[in-house]
Amino acid sequence: MKKRLEVLLRSAIDALISRGEIPTDVQAEVMVEHTRDARHGDFATNVAMTLAKAMRGNPRSVAEKIIEALPGDSAVVKTEIAGPGFINFFIDPQAQFGIIPQIIEAGHEFGRSEFGAGKRVQVEYVSANPTGPLHVGHGRGAAYGSAVAKLLAAAGFEVHREYYVNDAGRQMDILAASVWLRYLEECGEVLVFPSNGYRGEYVRDIAQSLHKAVGLGLRHPSSAVTDHLPPDEPEGGDKELHIDAIVARTKALLGSEDYRRVFGAGLDSILDDIREDLFEFGVAYEEWFSERGLTESGAVERALEKLRVAGHLYEKEGAIWFASAALGDEKDRVVVRENGQMTYFASDIAYHMNKLERGFDRIINIWGADHHGYIPRVKAAIQALGADPSKLDVLLVQFAVLYRGEERVQMSTRSGEFVTLRQLRNEVGKDAARFFYVMRKSDQHMDFDLKLATSRTNENPVFYVQYAHARICSVFRQLDEKGLPRDLLQGMQHLQRLCESHETDLLASLTRYPEVVESAALQQAPHHLVNYLRELAAELHAYYNACQFLVEDAALRDARLNLIAAVRQILVNGLGLLDVSAPESM
RNA sequence: GCGCUUGUAGCUCAGCCGGAUAGAGCAUCGGCCUUCUAAGCCGAGGGUCGCAGGUUCGAGUCCUGCCAAGCGCGCCA
């Protein structure tokens, strides 16, 4: 309907232009919006005011001319000029009824559009380092990313979901060393665990499994590991130097084959855990992309070579730098360290080059907000590789501050003191967690109160929406129990009986659904869909309390049943996009 | 210090490219269950949209300055 009005207005304006009433050089975008106040009709446009501005004319007289040139449409019963120059449209209620058969016929497909025209979009999200289980901070990225992916798919894009696995680099080496030290403890060795090692209980679990699998095969006396190391922080030393020395010692003592075994035990175990965790959370991927694979295939060298040829690399102080400052970054960045090691950024350049080579029309990275300083250098890299940086959108997910009631919860993966995503799911369930996470604008700081999220009873709005669905299901169960007949066709023929204010409200909301899905997809804003579903549920609950559905009058009953069946379908479709279930009873 | 993000009701947050009287949930207060699930509904109170300027027919929304908060500023990942 919105689009229909926009077309009408466009043709009216074109007619005025061809008649010379509006200068051809005046550009006005035609925008129609739903009115907030029913007294202003159903739809309104401010186009006369924007035109008047460009023409330096009177908005109301421009509005008059537009209305005069407006082609007739059976659905529009009245137009009026209001306020400073709004054009308000009053729509024939009869025209709104068509939405019900449309929804019933399209079923699960209703709300999907071809807007994206099959353009290929890659969405990368979560991509947490496999050095420990996912915590509640990752959960928001997971819920947000998968909702954005589903919305884009619903809007007609071809979506490729991806998890970038940082299975190489120093953090993974520290994990491997941590596993091995715990393994030595399992073997009966006594040692002081490094302050910068991974101290979580899960490391011990991995070590125990390793111990069970290989027995004492990887044992070395603890003195061989710890003698002559630079001091750790508690002894007044540097924790980074200390842990690096332990990593080096671990590699030297184990040899490459055994080291790989320990490394693999840690990586595989944690990655399996992450996979399972996300699967249970309803978060899926087309691809788990390995950083190590990138290194081993020579893609990193290839990327750097490409930058070198294009003249973006230089050498300074023994390191190789990428001249990103010239491309909008704060400063230049090191890609190969003095010691010959590639930086994390180097493999990230290669990863983005790989994304570009795969021919995606759009690349979306969903990152924690603490990575925002990283965006300019990645954009610079894309530009230096000869591609268009605007192809990449980085969406930041803010997690902000975690509370348990009044008390602030400190989180650190290293220390092992954090709330895992799995703990949250066990406490509140998948549905509440998914809903809670995408309820708020993603880049907004928010206080996440675990006590609130885990309160199962009243606070969580997910139950409110699910309850609306369950209530509708319950009505249909009652229909069966009372042995009342339902005639779908008769209901469709008597939709004009739906003239209660609650019914017209619901009809208007149902009409909006496809627009909501589309705009939520384009803005990567699933919280718009959440808000919509809460409003739709509120209208349903109000309707439920005000009107009886299972009335004697069969024609009216069938019409009402068709209306609530359509509402149920929208609730199912909308919740489905958020991966929240729609239970038939609660 | 510089950069990014944010500041809306007691609390947590919406507010779609600038639009008509700024909204919701929670909390508080008062009503509604012999009739389709009360995890619900109906109603009331509660606001200088951080502060000060500016842009214009019109600003919570755009611009500038200030104040406050979060995050980021490694040859870490």
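Just so you know, these numbers come straight off a predicted model, no measurement behind them.

About the cut-offs
Residues numbered from 1 in each chain as written. Chains lettered and ligands numbered in written order. Predicted model: local features only at pLDDT ≥ 70, side-chain atom pairs only at ≥ 80, totals over all residues. Heavy atoms only, no water. Near = heavy atom within 4 Å. Polar contact = N/O pair within 3.5 Å; in protein donor to acceptor, adjacent residues only side chain to side chain. Helix = DSSP H or I, 4+ residues; strand = E, 2+ residues; numbered from the N terminus. Nonpolar A, V, L, I, M, F, W, Y, C, P; charged D, E, K, R; others polar. Buried < 20%, exposed > 50% of the residue type's maximum accessible area, 1.4 Å probe, protein only. Contact = heavy atoms within 4.5 Å. Axes fitted to C-alpha atoms, helices over the stretch in contact; angles between N-to-C directions. Parallel < 35°, antiparallel > 145°, perpendicular 65-115°, else oblique. Left-handed = near helix turned anticlockwise from the far one by under 90°. Domains from an automatic or database assignment. Pairing = 2+ DSSP bridges. Phe/Tyr/Trp six-rings, centres within 6.5 Å; stacked < 30°, edge-to-face > 60°. Expected span 1.5 Å × (residues − 1). Bend = angle between axes of the 7 residues up to and from the residue. Salt bridge = Lys/Arg side-chain N within 4 Å of Asp/Glu carboxyl O.

### Some thoughts on the protein's contact with RNA strand B
And then number 1: Contacts to RNA strand B come from 65 residues, most closely from Glu29, Arg39, Tyr464, Tyr467 and Ser474.
And then number 2: Restricting the count to atoms of RNA strand B within 4 Å of the protein gives a sugar and phosphate share of 62%.
And then number 3: Within the backbone of methionine 586, a nitrogen or oxygen atom sits 2.7 Å from a base oxygen of RNA strand B.
And then number 4: Secondary structure elements with two or more residues in the surface near RNA strand B: α2 (47–55), β4 (86–91), α7 (170–186), α18 (461–481) and α21 (526–546).
And then number 5: When residues in the surface near RNA strand B are grouped by element, the largest group, 9 residues, is from α18.
And then number 6: When the residues that make up the surface near RNA strand B are grouped by side-chain class, the tally is 24 nonpolar, 21 polar and 20 charged.

### Some words on helix α14 (residues 375–384)
And then number 1: Here α14 lies mainly inside the structure; 7 of its 10 residues are buried.
And then number 2: What α14 keeps buried is the set Ile375, Arg377, Val378, Ala380, Ala381, Ile382 and Ala384.
And then number 3: Along its buried surface, α14 packs onto α12 (299–309), β9 (319–322), β10 (333–336), α13 (344–357), β11 (362–368) and β12 (392–397).

### Remarks on the packing of helix α6 (residues 136–154) against helix α20 (residues 501–522)
And then number 1: At their nearest, the axes of α6 and α20 sit 8 Å apart, and the two run at 125° to each other. When the axes of α6 and α20 are compared, the pair comes out oblique. Relative to α20, α6 is oriented so that their crossing is left-handed. Contact residues: Leu151, Leu152 and Ala154 in α6; Val517, Ala520 and Ala521 in α20.
And then number 2: Tallied by class, the residues present in the contact of α6 with α20 amount to 6 nonpolar, no polar and no charged.

### So, the domain arrangement of chain A
Much of the literature gives interface size as the accessible area that the parts lose upon coming together.
And then number 1: Taken domain by domain, chain A comprises domain 1 (2–91), domain 2 (120–165 + 282–397), domain 3 (170–266) and domain 4 (456–577).
And then number 2: The C-alpha-based centres of domain 1 and domain 4 are spaced at 33 Å.

### Observations regarding the sheet that holds strand β7 (residues 287–290)
And then number 1: On the basis of which strands lie adjacent, the open sheet formed by 5 strands has the order β7-β6-β5-β11-β12 and parallel pairing. Whereas interior strands pair on both sides, the edge strands pair on one side only; in this sheet they are β7 and β12. On average, adjacent strands in this sheet sit at an angle of 25° to one another, irrespective of strand direction.
And then number 2: Bridge analysis of strand β6 (residues 158–165) against β7 gives 4 bridges, and the strand direction is parallel. The residue bridging valine 165 from the neighbouring strand is serine 290, located in β7.
And then number 3: Contacts from α14 reach β11 and β12 within the one sheet, and its direction differs from that of β12 by about 165°.

### Structural notes on the packing of aromatic side chains
And then number 1: For the coordinates displayed, the defined rule picks out 18 aromatic pairs.
And then number 2: An angle of 20° between the planes, with centres 4.5 Å apart, marks the rings of tyrosine 163 and tryptophan 288 as stacked. With tyrosine 163 in strand β6 and tryptophan 288 in strand β7, the pair connects residues that are 125 residues apart, well separated along the chain.
And then number 3: A residue is classified by how much of its surface remains accessible, and tyrosine 163, at 0% relative accessible area, is buried.
And then number 4: Residue tryptophan 288 is classed as partly exposed on the basis of its relative accessible area, which comes to 25%.
And then number 5: Ring geometry for tyrosine 259 against phenylalanine 263: centres 6.0 Å apart, planes inclined by 45°, an arrangement best described as tilted. With tyrosine 259 and phenylalanine 263 both in helix α10 (residues 239–280) and 4 residues apart, the pair spans about one turn of that helix. Note on accessibility: tyrosine 259 and phenylalanine 263 belong to one class, buried.

### Topic: the environment of leucine 313
And then number 1: Mapped onto the elements, leucine 313 comes out in strand β8 (residues 313–316).
And then number 2: Each C-alpha atom, one on leucine 313 and one on arginine 261, is 36 Å from the other, the two residues being 52 residues apart in sequence.
And then number 3: If near-sequence neighbours (up to four positions away) are discounted, leucine 313 is found in contact with Leu304, Leu307, Arg308, Ile320, Trp321, Phe322 and Val335.

### Some points on α10
And then number 1: End to end, α10 covers just 37 Å across 42 residues, shorter than the expected 62 Å (1.5 Å per residue, more than 12% under).
And then number 2: Remark: the principal bend of α10, roughly 115°, maps to glycine 255.
And then number 3: Where α10 starts, the residue carrying a side-chain oxygen 2.7 Å from the main-chain nitrogen of glutamate 240 turns out to be aspartate 238.
And then number 4: Positive backbone phi, approximately 80°, marks glycine 282, located one or two places after α10.

### Looking at the sheet that holds strand β1 (residues 32–34)
And then number 1: The sheet built from 4 strands is open, its strands ordered β1-β2-β4-β3 with antiparallel pairing. The open sheet terminates on both sides in strands that have one partner only, identified here as β1 and β3 (76–82). Adjacent strand axes in the sheet meet at a mean angle of 25° when their direction is disregarded.
And then number 2: Pairing between β3 and β4: 6 bridges, direction antiparallel. Bridge pairing in β4 places lysine 78 opposite phenylalanine 90.
And then number 3: Strand contacts of helix α1 (residues 2–18): β1, β2 (43–45), β3 and β4, with the helix running at about 145° to β1, the strand carrying the most contacts.
And then number 4: Together, β3 and β4 form the strand contacts of helix α3 (residues 59–69), whose direction differs from that of β3 by roughly 165°.

### Section: the pattern of salt bridges
And then number 1: One pass over the structure, following the stated rule, counts 31 salt bridges.
And then number 2: Ionic pairing is found between arginine 112 and glutamate 109, a salt bridge with its closest N-O pair at 3.9 Å.
And then number 3: The salt bridge partner of arginine 560 is glutamate 503, with a shortest N-O separation of 2.8 Å. Within this pair, whereas arginine 560 is found in helix α22 (residues 554–577), its partner glutamate 503 is found in helix α20, the two being separated by 57 residues in sequence.
And then number 4: For glutamate 503, a relative accessible area of 0% corresponds to the buried category.
And then number 5: Through salt bridges with shared partners, one network takes in Lys150, Lys430, Arg434 and Asp579.

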